[in-house]
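Residue-level structure breakdown
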Amino acid sequence: MTIQELFDFCWDIHWSKPRFQASRWAKEVRQNFNKHISPVFGNLKASAVTAIDVRRWLRKFEETPYAGNRSLEVLSKMFTLAEEEGLLVPGSNPCKVVTALPEKKRSRYASEPEIRFIMTRLEEILKLKTSDFESAAFIYTLMFTGSRPSHGYRDWE
């Protein structure tokens, strides 16, 4: 079985499930496979892929460790499912001995249009006084005061 055939098999038994489709994880899995895994491993026999192959491949992602680590997760899951289904010998997952790349902590802040959207939605909830009223009021207050959980809330405990 090639890696491409293994992916198709795994897609059918695992990632095609509604819970993955609803979370859009399935779309990300397919993109990772098509962009990062298939060009390198697609035509290889699954049983021929070694940990050395996976390490060499992963090193190419040193500038984009997030993409590499997510792709490694997909490839590892494929091998794990193949072992569980009896397609590969148990313990033959070459990804299990490969260490993921270190990822830098990223900060993302809401853009001005996103903040406007959030504030509009919160104001709607506050006006309607729905069951989400208290949560909306809390978030609204946080947004106006600039309070963030990382700014000393642990000191209150």
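Source: prediction; values computed, not measured.

**Looking at the state of the cysteines**
Throughout the structure, instances matching the rule amount to 0 disulfides. Considering cysteine sulfurs only, Cys95 is the nearest to Cys10, which forms no disulfide, with 11 Å between them. On the basis of relative accessibility, which here comes to 5%, the residue Cys95 falls in the buried class.

**Structural notes on the environment of Tyr66**
Here Tyr66 is to be found in helix H5 (residues 65–84). Sequence spacing of Tyr66 and Lys104 is 38 residues, and the spatial spacing of their C-alpha atoms is 8.7 Å. Excluding anything up to four places from it in sequence, Tyr66 contacts Glu28, Glu103 and Arg106.

**Some remarks on a nonpolar patch on the surface**
There is a patch of nonpolar side chains on the surface, built from Phe117, Ile118, Phe138 and Ile139 and spanning about 410 Å² of accessible area. Residue assignment for the nonpolar patch shows that the elements contributing at least two residues are helix H6 (112–128) and helix H7 (133–145). Position of Phe138 relative to the elements: it lies in helix H7.

**A look at the confidence of the model for the protein chain**
Scored by pLDDT, the protein chain comes out at a mean of 88, with 92% of its residues at no less than 70. The model gives residues 151–157 a pLDDT under 50, and that stretch makes 0 contacts with residues more than four places away or in other chains.

**Points about the packing of aromatic side chains**
A complete count under the given rule lists 5 aromatic pairs for this structure. A ring pair is formed by Phe7 and Phe33, whose centres lie 4.0 Å apart and whose planes are at 5°; its orientation type is stacked. Separated by 26 residues along the polypeptide, Phe7 in helix H1 (residues 3–15) and Phe33 in helix H3 (residues 25–41) bring together distant segments of the chain. Comparing Phe7 with Phe33, the two get one shared label, buried. Taken together, the ring pairs connect Phe7, Trp11, Trp15 and Phe33 into an aromatic cluster. Residue placement shows Arg30 over the ring face of Trp11; its charged tip is 3.9 Å from the ring centre. In this structure, Arg70 packs its charged tip against the face of Tyr66, placed 4.5 Å from the ring centre.

**As for the environment of Phe133**
Considering the arrangement of structural elements, one finds Phe133 in helix H7. In this structure Phe133 comes out as partly exposed when scored by relative accessible area, which is 31%. Residues Phe133 and Glu123, 10 residues apart in the sequence, show an inter-C-alpha distance of 9.7 Å. The contact partners of Phe133, leaving out residues within four places of it in the chain, are Ile125 and Leu126.

**Focus: the pattern of salt bridges**
Applying the stated criterion to the full structure yields 4 salt bridges. Taking the shortest distance from any N to any O, the salt bridge between Arg116 and Glu112 comes out at 2.4 Å. Taken together, the residues span about one helical turn, with Arg116 and Glu112 both in helix H6 at a distance of 4 residues. Residue Arg116 is classed as exposed on the basis of its relative accessible area, which comes to 53%.

**Concerning the nonpolar core**
Ile3, Trp15, Val54, Trp57, Leu75 and Met78 are the most contacted members of the largest nonpolar core, which totals 31 residues. Elements with a minimum of two residues in this core: H1, H3, helix H4 (51–59) and H5. Sort the elements by how many residues they give to this core and H5 lands first, with 8 residues. Residue contacts for Leu75: discarding those within four places in its chain leaves Ile37, Phe41, Val54, Trp57 and Cys95. Formed by 5 residues, the second largest nonpolar core is a distinct cluster that contains Leu122, Ile125, Leu126 and Ala136.

Reading the values: the criteria
- Residues numbered from 1 in each chain as written.
- Predicted model: local features only at pLDDT ≥ 70, side-chain atom pairs only at ≥ 80, totals over all residues.
- Heavy atoms only, no water.
- Disulfide = S-S within 2.5 Å.
- Buried < 20%, exposed > 50% of the residue type's maximum accessible area, 1.4 Å probe, protein only.
- Helix = DSSP H or I, 4+ residues; strand = E, 2+ residues; numbered from the N terminus.
- Contact = heavy atoms within 4.5 Å.
- Patch = residues over 30% accessible without salt bridge, like charges linked within 9 Å, V, L, I, M, F, W, Y side chains within 5 Å.
- Areas by Shrake-Rupley, 256 points an atom, 1.4 Å probe, with all protein chains shown as cover.
- Salt bridge = Lys/Arg side-chain N within 4 Å of Asp/Glu carboxyl O.
- pLDDT = per-residue confidence, 0-100.
- Phe/Tyr/Trp six-rings, centres within 6.5 Å; stacked < 30°, edge-to-face > 60°.
- Lys NZ or Arg CZ within 6 Å of the ring centre and 35° of its normal.
- Core = buried A, V, L, I, M, F, W, Y, C linked by side-chain atoms within 4.5 Å.

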